[in-house]
Amino acid sequence: MMQIFDVFLLEAVLNGLLLGGLLALLSLGLNLVFGVIDVVWICYAELIMVGMYAIYYLYAVFGWPLLLAMAAGVLLVAAAGAALHQFVIRPVLAAEPINQLLVTGGVLFFLQAAATLAFGIEFKNIGVSFPPIVVGDISFSMPRLISFGVALAGMLALYLFLKRSYLGTAIRAISQDRGIMPLMGVNPHRIFIITSALGGGLAGLAACLLVLQYDIHPAIGLSFGPITFLICVLGGLGNMAGGFVAAFIFAQFISVGGFFLAVEWGYVIAFVFFIAVMFWRPQGIWGSK
Amino acid sequence: MSIPAPKSSGGAMLRLEGVSAGYAGFQALFNVSLEVRPGESVAVIGPNGAGKTTLLRTVSKLIELSAGEILMEGRSLHAVPAHEVIALGIAQVPEGRRLFARLSVEENLKMGAFLPAARPRYTERLKFVYSLFPRLQERSSQIAGTLSGGEQQMCAIGRALMSGPKLLLLDEPSAGLAPVVVQSIFALVKRICAEGYTVLIVEQNIRQVLKVVDRAYLLETGRIKMDGPSAELLASDEIRKAYLGI
Ligand SMILES: Nc1ncnc2c1ncn2[C@@H]1O[C@H](COP(=O)(O)OP(=O)(O)O)[C@@H](O)[C@H]1O
Ligand SMILES: [Mg+2]
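Only a predicted model underlies this, so the values are computations on that prediction, with no experimental measurement involved. (Residues numbered from 1 in each chain as written. Chains lettered and ligands numbered in written order. Predicted model: local features only at pLDDT ≥ 70, side-chain atom pairs only at ≥ 80, totals over all residues. Heavy atoms only, no water.)

Chemist: Tell me what's going on with the overall build of chain A, and back it up with residues and numbers.
Modeler: A tally of regular secondary structure across chain A gives 10 helices and 2 strands. Along the chain direction, N to C, the helices and strands of chain A fall in the order α-α-α-α-β-β-α-α-α-α-α-α. Relative to the globule expectation of 19 Å for 289 residues, the C-alpha radius of gyration of chain A, 19 Å, shows essentially globular dimensions. Reported as C-alpha extents along the three principal axes, the dimensions of chain A are approximately 65 × 50 × 35 Å. Taking contacts inside chain A between residues at least 6 apart in sequence as the whole, the part at least 24 apart equals 76%. Within the structure as shown, chain A displays about 12900 Å² of accessible surface, and the carbon and sulfur contribution to it stands at 72%. Each charge class in chain A can be summarised by its mean position, and for the 10 positive and 10 negative side chains these summaries are 18 Å apart. (Helix = DSSP H or I, 4+ residues; strand = E, 2+ residues; numbered from the N terminus. Rg over C-alpha atoms; globule rule 2.2 N^0.38 Å. Contact = heavy atoms within 4.5 Å. Areas by Shrake-Rupley, 256 points an atom, 1.4 Å probe, with all protein chains shown as cover. Lys, Arg positive; Asp, Glu negative; His and termini not counted. Charge placed at Lys NZ, Arg CZ, Asp CG, Glu CD.)

This is the structure:
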């Protein structure tokens, strides 16, 4: 058996921390949109897929510089988020939640099918590789380290924006009382479009980080969509701080559980933990209703 | 310190001409005409359900009118969307205060200054609002939902003042407050009028509000029944019998 202060366990914990940053970023956009607009984007991970394909084609096929391709990917998914609101969510804004789930679920299948038709089912990779970083006996994957840093920076920027700016304050206010926003001179529809573009932009940022680590294929949304959703629910849907903490808890279960058993077991333990929490607090650990 | 409310051109500041409005399948206002002149404080009094809130919501374009016209400084509000009304200098303190309960006091005030034209004067107006309501300054970082009723009303009025309005619409600022607090809220309304703001206030608390405003209109079941200087209404038999229980 391993000793508890095993250096490999430490490596697992640290890698879990890095994974946590990425998962926290993944949950952020979904939580933002739900917290403000009260609609769950079931197709959130498919927006990330769109971003990944965009970056792949711009960089690997059209030969754009990687950072430029990524910036374009973020903008494209931000525009997709705004369009999703304008054309899909807006018509059902007053409808039952189940109808809202169904339309965004429809967009999920549409995007998957469209990606299959347009790009085929084969796995694509941008083909950028980084050497692992070795510190003593511990090794880290460079893309994970980058993801962690970018995810934290992205979250900090969003926090400051929401906390300090007029627009950010309005975004927080509108979920509390939409009806009086016009009395403040705020056009609620405009705030929803901006929030959706931000949510899309965060999905685009996640796409930038994921293309560094994973192959792209039309069903890739399914490999991290559910976990993103579970993290949001675990932290209390719409609660960005809750989602942040939940992401790190989940990542430790996956990473450390995977270290003691196997990666698949790490996921099993994380999901068992999720189910246990749902019995204990159906609204999520930090949820309010 | 005080910031004088902006002066506006002569004639009526706000004028309603034959306004009818309501909700799906229900008419709440019938042919309502009234005016508020610059620097004046005017009340619309009437019992619960008379249509007072509907009247203010119509002025702020939160609901569409079905007939008639609303003019702000001679300009028709017909084509103005709700979120642009405040840019014309009309700020409303809505019924029930409607603060953003999970934002701090200062963040609520900041929302009142959301208008791009209001932002450069944020600090100056914040100082002014805090000078009117020192209590709000003490509680500036407190979450608005945890304020007392009277403090919430101050915060709601302060939020409306942050846009630097020409015309302040107040919807029953005394509702749901303890009698002592009601007194202080009316004293504040009087002070705001004295600062030079033009005020249109709707109230059920008829006796108190008539002591504060210059003129008033009596609204019953969506129709204007009487109007005149406050002292005149306060002395009229109709009001005394029906509303003051004398
Ligand atoms: N959202 C609404 N939908 C339908 N009817 C309403 C609505 N709000 C108010 N009413 C009706 O309009 C009338 C006037 O209401 P309101 O303007 O709130 O009166 P007041 O503010 O004088 O108490 C009342 O009969 C009320 O029932
Ligand atoms: Mg009312």
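Next, the rest of the story.
Chemist: Any details on the side chain of Ser27(A)? Residues and values, ideally.
Modeler: All names here are of chain A. Relative to the helices and strands, Ser27 resides in helix α1 (residues 7-37). A polar contact is formed between the side chain of Ser27 and the backbone oxygen of Ala24, at a distance of 2.9 Å. Setting aside its immediate chain neighbours within four residues, Ser27 contacts Thr228, Ile231, Cys232 and Gly243. (Polar contact = N/O pair within 3.5 Å; in protein donor to acceptor, adjacent residues only side chain to side chain.)

Chemist: Describe in detail the coordination of the magnesium ion (ligand 2), supporting the description with residues and values.
Modeler: Residues and elements named next belong to chain B. Coordination of the magnesium ion (ligand 2) by the protein comes from Thr53 (OG1) and Glu95 (OE), over a distance range of 2.0 to 2.3 Å. Remark: Glu95 occurs in the loop between β6 (90-93) and α3 (105-112) and Thr53 occurs in helix α1 (residues 52-59); sequence separation between them is 42 residues. Judged by relative accessible area, Thr53 falls into the buried class, the value being 19%. (Donors = N, O, S within 2.8 Å, 3.2 Å for Na, K, Ca; no water. Buried < 20%, exposed > 50% of the residue type's maximum accessible area, 1.4 Å probe, protein only.)

Chemist: Give a description of the sheet that holds strand β10 (residues 223-229) of chain B that names residues and reports values.
Modeler: Residues and elements named next belong to chain B. The 6 strands lie next to each other as β6-β7-β8-β3-β9-β10, forming an open sheet whose pairing is mixed. Across the chains shown, the open sheet's two edge strands, defined by having one partner strand only, are β6 and β10. Strand-to-strand twist of the sheet, defined as the mean angle between neighbouring strand axes without regard to direction, takes the value 15 degrees. Looking at chain direction, strand β3 (residues 41-45) and strand β9 (residues 215-220) are connected through 4 bridges and run parallel. The residue bridging Ile45 from the neighbouring strand is Leu218, located in β9. (Pairing = 2+ DSSP bridges. Axes fitted to C-alpha atoms, helices over the stretch in contact; angles between N-to-C directions.)

Chemist: Could you give me a rundown of the interface of chain A and chain B, with the residues and numbers involved?
Modeler: Listed per partner, the contact involves 21 residues of chain A and 22 residues of chain B. Buried area between chain A and chain B, both sides added, is near 2100 Å², and the carbon and sulfur share of it is 66%. The three residues of chain A that bury the most area against chain B are Tyr166(A), Leu183(A) and Met184(A), which together make up 39% of that side's buried surface. Counting the contacts that link chain A with chain B gives 3 salt bridges. (Buried area = accessible area lost by both parts, 1.4 Å probe. Salt bridge = Lys/Arg side-chain N within 4 Å of Asp/Glu carboxyl O.)

Chemist: Tell me about the site of ligand 1, and name the residues and values.
Modeler: All names here are of chain B. For ligand 1, the full set of nearby residues is Tyr23, Phe26, Ala28, Pro47, Asn48, Gly49, Ala50, Gly51, Lys52, Thr53 and Thr54. When the free accessible area of ligand 1 is taken as 560 Å², the share hidden by the protein chains comes to 62%. Looking at which element gives the most residues to the shell around ligand 1, the answer is α1, with 3 residues. (Near = heavy atom within 4 Å.)

Chemist: Would you mind going over helix α4 (residues 97-119) of chain A in detail, with residue names and values included?
Modeler: Residues that lie three or four places apart on an α-helix share one face, since the helix turns once every 3.6 residues. All names here are of chain A. Counted at 1.5 Å a residue, the expected span for α4 with its 23 residues is 33 Å, and the 32 Å between its end C-alpha atoms agrees. Of the residues making up α4, those classed as buried are Gln100, Thr104, Gly105, Val107, Leu108, Leu111, Gln112 and Ala115. On its buried face, α4 is in contact with α2 (44-61), α3 (66-89) and α8 (220-235). Positive backbone phi, approximately 80 degrees, marks Gly120, located one or two places after α4. (Expected span 1.5 Å × (residues − 1).)

Chemist: How would you explain the nonpolar core if you had to name every residue and give the values?
Modeler: Among the nonpolar cores identified, the biggest contains 142 residues, and Ile48(A) and Met111(B) are the most heavily contacted of them. By residue number, the principal contributor to this core is α1(A), which donates 13 residues. For Met111(B), the residues in contact, after removing those within four places along its chain, are Thr169(A), Ala170(A), Ala173(A), Met181(A), Met184(A), Val186(A), Phe100(B) and Leu103(B). (Core = buried A, V, L, I, M, F, W, Y, C linked by side-chain atoms within 4.5 Å.)

Chemist: A description of the packing of aromatic side chains should follow, citing residues and the corresponding values.
Modeler: In total, this model carries 9 aromatic pairs over all chains according to the counting rule given. Taken together, a centroid distance of 6.0 Å and an interplanar angle of 65 degrees make the contact between Phe250(A) and Phe271(A) edge-to-face. Of this pair, Phe250(A) sits in helix α9 (residues 240-260) while Phe271(A) sits in helix α10 (residues 263-280), and the two are 21 residues apart along the sequence. Given a relative accessible area of 30%, Phe271(A) falls into the partly exposed group. Within the aromatic cluster, the residues linked to one another by ring pairs are Tyr53(A), Tyr56(A), Tyr57(A) and Phe119(A). Over the ring of Tyr166(A) we find Lys110(B), and its NZ or CZ is 5.1 Å from the ring centre. Across from the ring centre of Phe30(B), 4.0 Å away, lies the NZ or CZ of Arg223(B), which sits over that ring. (Phe/Tyr/Trp six-rings, centres within 6.5 Å; stacked < 30°, edge-to-face > 60°. Lys NZ or Arg CZ within 6 Å of the ring centre and 35° of its normal.)

Chemist: Summarise the confidence of the model for chain B; cite the residues concerned and give the values.
Modeler: Parts of the prediction with low pLDDT should not have their coordinates interpreted in detail. Residues and elements named next belong to chain B. When pLDDT is averaged along chain B, the result is 91; 96% of the residues meet or exceed 70. Considering each helix and strand of chain B separately, the mean pLDDT is smallest for helix α10 (residues 237-242), with a value of 81, and largest for β6, with 97. The complex model carries a pTM of 0.90, and its ipTM stands at 0.91. (pLDDT = per-residue confidence, 0-100.)

Chemist: An account of the packing of helix α5 (residues 142-164) of chain A against helix α7 (residues 188-211) of chain A is requested, with residue identities and associated values reported.
Modeler: Residue and element names in this part refer to chain A. Contact geometry of α5 with α7 gives a least axis separation of 10 Å together with a crossing angle of 165 degrees. As summarised for this structure, α5 and α7 are arranged roughly antiparallel, according to the angle between their axes. As α5 packs across α7, the resulting crossing turns out to be right-handed. For the pair α5 and α7, contact is made by Ser147, Val150, Ala151, Gly154, Leu158 and Phe161 and by Leu198, Leu202, Leu205 and Leu209, respectively. Classifying every residue of the contact of α5 with α7 by side-chain character gives 8 nonpolar, 2 polar and no charged. (Parallel < 35°, antiparallel > 145°, perpendicular 65-115°, else oblique. Left-handed = near helix turned anticlockwise from the far one by under 90°. Nonpolar A, V, L, I, M, F, W, Y, C, P; charged D, E, K, R; others polar.)

Chemist: Describe the pattern of salt bridges, with residues and values.
Modeler: Going through the model one piece at a time under the given rule, you end up with 16 salt bridges over all chains. Lys124(A) serves as the salt-bridge partner of Glu122(A), at 3.4 Å between the closest nitrogen and oxygen. Owing to a relative accessible area of 45%, Glu122(A) belongs among the partly exposed residues under this scheme. Classification of Lys124(A) by relative accessible area gives buried; the value is 10%. A salt bridge links Glu195(B) to Arg191(B); the shortest N-O distance between them is 3.7 Å. For Arg191(B), a relative accessible area of 37% puts it in the partly exposed group. Residues participating in the shared-partner salt-bridge network are Arg15(B), Glu17(B), Glu35(B), Arg37(B), Glu40(B) and Arg215(B).

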